[in-house]
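Spelled out, the chains give:
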Amino acid sequence: MTARVSSSATPTQTDAERELARAEADYQRLRQAYLDLARGEDNEVALAMVGADMERANASLRSLAGQRQLPVTPEPSQAERRHARRLAEESA
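One structure accompanies this document, and this report is about it. Just so it is clear, the structure is predicted and the values come from calculations on it, not from any experiment.

1. Here's the deal with the overall build of the protein
- Secondary structure assignment for the protein yields 3 helices and 0 strands.
- Along the protein, from the amino end to the carboxyl end, the secondary structure elements read α-α-α.
- Split into buried and exposed, the 92 residues of the protein put 20% on the buried side.
- Across the protein, every contact between residues at least 6 apart in sequence was considered, and the portion connecting residues at least 24 apart equals 58%.

Next comes the structure, spelled out in structure tokens:
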């Protein structure tokens, strides 16, 4: 037996799913931009700006997904910079 979904719940759910997908895409786009910057020239200002945007996108994504906010978040630039270095070393 399948559960019936009222027609009034479907648009809201679809809107929420679209917003969640958009937030995920924003986060991934910013993360990729950060990794590209970290692999290239070491521009601390650009890394800090994109890192801050990435952190806000992550917080928005967590909120939309119903996950609790982390009380202390590591500085994104440190973790992402290490990840970019590993990727660069693997590809070299």
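2. Considerations on the nonpolar core
- Residues Ala23, Tyr27, Leu30, Tyr34, Leu47, Val50, Met54, Ala57 and Leu61 constitute the largest nonpolar core, which totals 9 residues.
- Every element with two or more residues in this core is listed here: α1 (9-39) and α2 (44-64).
- Looking at this core, the element that brings in the most residues is α2, giving 5 residues.
- Each residue touching Ala23, except ones within four places of it in the same chain, is listed here: Leu61 and Leu64.

Criteria and cut-off values
- Residues numbered from 1 in each chain as written.
- Predicted model: local features only at pLDDT ≥ 70, side-chain atom pairs only at ≥ 80, totals over all residues.
- Heavy atoms only, no water.
- Helix = DSSP H or I, 4+ residues; strand = E, 2+ residues; numbered from the N terminus.
- Buried < 20%, exposed > 50% of the residue type's maximum accessible area, 1.4 Å probe, protein only.
- Contact = heavy atoms within 4.5 Å.
- Core = buried A, V, L, I, M, F, W, Y, C linked by side-chain atoms within 4.5 Å.

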